[in-house]
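Chain residues, written in single-letter form:
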Amino acid sequence: MREVKTLADGGFSVKVLALHEEGLPREETDSLYFLKRVRLVTRPLPKGFLWQSLKYLECFLKMVFIGIRIKPQIVHSHDRNALPIGYVVSVLTRSKLVYDSHELWGHTSHAAKRPAFFGKLAAKMERHVMSKAARVITVSDSIAQCLREATQPGDKVVVIRNMPYRVLPTDKTPASPALRESLGIPPGKKVILYQGVVSPFRGLENLVKSARYLDKEAAIVILGSGILIPELRKIADTLPKGSIFLHPAVSPDQLARYTADADIGISLTADVSLNNRYSLPNKLFEYIQAGLPVAVSNLPEMSKFVTENKVGVVLCELDSESIALALNNLLRNKK
């Protein structure tokens, strides 16, 4: 949405292609963009590799056909799964291509689960298309360096950090219901907040377990949705009542109000892949913008940013007791 707004503010007519999900309209028209959601007849098929490949083929053909009819001046491929689609459209319409890589896609935890031949093929495709793109943009210096090593000329790769829009202090006033009000958290309770996708390799299991060792006036809030929610609920049931709260994801336009209602922001990404190691998640900037000190895992981009700007603590160990110790110290020293 931030990229769409930037383009629209720059005078571009923006058309967005996305996958259709049940319950959403097929088309949307906004002052900033026209959005078309592509419905796949193969979508109900299982999620095995071969079935997913069939779904992608249908998506590829439909989006390329629509893209050709649009006749764009510039094609923006949002992450690697959209790259082949954008490349073919750009070739057939003789338009410029921008590759927007928010992850180091060949080194994600998901990539490790796919067949080896697919990973090699995808990496070759990415390198080839990057060499043809007018620009490659990404979110951190470390990821940019990896992409520069994979494409020529390397100076076409630029960093645009994934930062939220500036929210003025008057706009941060919690809406009704705000985080504490909607969860029934007493005003005197200190809130340690994780916001984002609730999935593996984000330190969430040990974060929840750390509630056993936290000071009594502290509570942990998980704000988001994802596959780990049932497991986190089970862990929370074994802990003191009122120490763990789970809140479903909120709309982006409301998120800043909820974030500002917390006391500490958490981002404990696990070092399980090169992509994770070089991550610089936008939640980090959302916490800081809301005035929260942060606690982050000891990964190069996050630790460098937090240390240089003196906005929180870096955790070298991510077991539950170490997390609790760091959070207790941060709460006691918070000004």
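About the cut-offs
Residues numbered from 1 in each chain as written. Predicted model: local features only at pLDDT ≥ 70, side-chain atom pairs only at ≥ 80, totals over all residues. Heavy atoms only, no water. Helix = DSSP H or I, 4+ residues; strand = E, 2+ residues; numbered from the N terminus. Rg over C-alpha atoms; globule rule 2.2 N^0.38 Å. Buried < 20%, exposed > 50% of the residue type's maximum accessible area, 1.4 Å probe, protein only. Areas by Shrake-Rupley, 256 points an atom, 1.4 Å probe, with all protein chains shown as cover. Lys, Arg positive; Asp, Glu negative; His and termini not counted. Charge placed at Lys NZ, Arg CZ, Asp CG, Glu CD. Core = buried A, V, L, I, M, F, W, Y, C linked by side-chain atoms within 4.5 Å. Contact = heavy atoms within 4.5 Å. Phe/Tyr/Trp six-rings, centres within 6.5 Å; stacked < 30°, edge-to-face > 60°. Pairing = 2+ DSSP bridges. Axes fitted to C-alpha atoms, helices over the stretch in contact; angles between N-to-C directions. Arc of directions from axis to C-beta. Parallel < 35°, antiparallel > 145°, perpendicular 65-115°, else oblique. Left-handed = near helix turned anticlockwise from the far one by under 90°. Nonpolar A, V, L, I, M, F, W, Y, C, P; charged D, E, K, R; others polar. Patch = residues over 30% accessible without salt bridge, like charges linked within 9 Å, V, L, I, M, F, W, Y side chains within 5 Å. Salt bridge = Lys/Arg side-chain N within 4 Å of Asp/Glu carboxyl O.

Chemist: Could you give me a rundown of the overall build of the protein, with the residues and numbers involved?
Modeler: Looking only at helices and strands, one finds 13 helices and 13 strands in the protein. For 335 residues, the compact-globule estimate of 2.2 N^0.38 gives 20 Å, and the C-alpha radius of gyration of the protein, at 21 Å, lies within 12% of that figure. When the backbone C-alpha atoms are referred to their principal axes, the protein occupies close to 60 × 40 × 40 Å. A total of 335 residues make up the protein; the buried ones form 44% of that total. Total accessible area on the protein is roughly 18,300 Å²; 56% of this is exposed by carbon and sulfur atoms. Put simply, the protein has 46 plus and 32 minus side-chain charges, and the middle of one group is 5 Å from the middle of the other.

Chemist: Which residues make up the nonpolar core, and what values go with them?
Modeler: Residues I192, L207, I222 and L327 are the most contacted members of the largest nonpolar core, which totals 55 residues. Discounting chain neighbours no more than four positions away, the residues touching L207 are Y194, I220, I222, I266, I323 and L327. Judged by nonpolar contacts, the second largest core, of 24 residues, contains V38, L97, V129 and A144.

Chemist: An account of the packing of aromatic side chains is requested, with residue identities and associated values reported.
Modeler: For the structure shown, the criterion picks out 1 aromatic pair. Look at F285 and F305: their rings are 5.1 Å apart centre to centre, the planes differ by 85 degrees, and that puts the pair in the edge-to-face class. Residue F285 is located in helix α11 (residues 282-289), and its partner F305 is located in helix α12 (residues 300-309); the two are separated by 20 residues in the primary sequence.

Chemist: Give a detailed account of the sheet that holds strand β4 (residues 74-78), specifying residues and quantitative values.
Modeler: The strand order β4-β5-β6-β7 describes an open sheet built from 4 strands, whose pairing is parallel. Edge positions in the sheet fall to β4 and β7 (157-159), since each has one partner strand and no second. Each neighbouring strand pair of the sheet contributes to a mean axis angle of 25 degrees, computed without reference to strand direction. Bridge count between β4 and strand β5 (residues 96-101): 5 bridges; the pairing is parallel.

Chemist: Could you give an account of helix α8 (residues 229-236), naming the residues involved and the relevant values?
Modeler: Looking only at α8, the buried set comprises I229, L232, I235 and A236. Viewed end-on, α8 has its buried residues packed into an arc of 120 degrees, placing them on one side of the element. Of the surrounding secondary structure, the elements contacted by the buried residues of α8 are α7 (204-209), β9 (218-223) and β10 (244-247).

Chemist: Break down the packing of α11 against α12 for me, with residues and values.
Modeler: Packed helix pairs are specified by the crossing angle of their axes together with the interaxial distance, meaning the distance between the axes. Interaxial distance between α11 and α12 falls to 11 Å at its minimum, and their mutual angle equals 20 degrees. Here α11 lies roughly parallel to α12, going by the angle between them. For the pair α11 and α12, the crossing hand works out as right-handed. Facing L284, F285 and I288 of α11, the residues of α12 in contact are M302, F305 and V306. The class makeup of the residues in the contact of α11 with α12 is 6 nonpolar, no polar and no charged.

Chemist: Give me the lowdown on a nonpolar patch on the surface, citing residues and values where you can.
Modeler: A contiguous nonpolar surface patch, about 380 Å² in accessible area, is contributed by W51, L54, L57 and L61. Residue placement: L54 occurs in helix α2 (residues 49-70).

Chemist: Talk me through the packing of α2 against helix α3 (residues 83-93); I want residue IDs and the actual numbers.
Modeler: α3 packs onto α2 with a crossing angle of 30 degrees between their chain directions and a minimal axis gap of 9 Å. The orientation of α2 with respect to α3, classified from their angle, is roughly parallel. Two packed elements cross with a definite hand, and for α2 against α3 that hand is right-handed. Along its contact with α2, which presents Y56, C59, F60, M63, V64, G67 and I68, the element α3 presents P84, I85, V88, V89, L92 and T93.

Chemist: Could you give me a rundown of the side chain of N276, with the residues and numbers involved?
Modeler: Within the fold, N276 resides in helix α10 (residues 274-277). If sequence neighbours within four positions are ignored, N276 has contacts with F201, T269, A270 and L299.

Chemist: A description of the sheet that holds strand β2 (residues 27-29) should follow, citing residues and the corresponding values.
Modeler: Sheet strands line up and pair through hydrogen bonds in the backbone, either parallel or antiparallel. With mixed pairing, the 3 strands of this open sheet are ordered in space as β1-β3-β2. Edge positions in the open sheet fall to β1 (14-19) and β2, since each of these has one partner strand only. The mean angle between the axes of side-by-side strands here comes to 15 degrees, regardless of whether they run parallel or antiparallel. Bridge count for β2 against strand β3 (residues 33-38) is 3 bridges, and the pairing is antiparallel. Paired with E28 across the bridge in β3 is L35. Where α2 meets the sheet, it contacts β1 and β3, and its direction lies at approximately 170 degrees from that of β1.

Chemist: I'd like a description of the pairing of strand β12 (residues 294-297), backed by residues and values.
Modeler: Burial of the side chains of β12 extends over both faces: V294 and V296 are buried on one face and A295 and S297 on the other. As paired elements, strand β11 (residues 264-267) and β12 share 3 bridges and run parallel to each other. Bridge pairing links G265 to V294 in β12.

Chemist: Go over the pattern of salt bridges, please, and point to the residues and values.
Modeler: This model, assessed by the stated rule, comprises 10 salt bridges. When the shortest N-O distance is used, the salt bridge between D9 and K5 registers 2.8 Å. With D9 and K5 both in helix α1 (residues 2-9) and 4 residues apart, the pair spans about one turn of that helix. On the basis of relative accessibility, which here comes to 55%, the residue D9 falls in the exposed class. Residue R277 pairs with D271 through a salt bridge whose shortest N-O separation is 3.0 Å. Because the salt bridges share partners, they merge into one network encompassing R180, D261 and D263.

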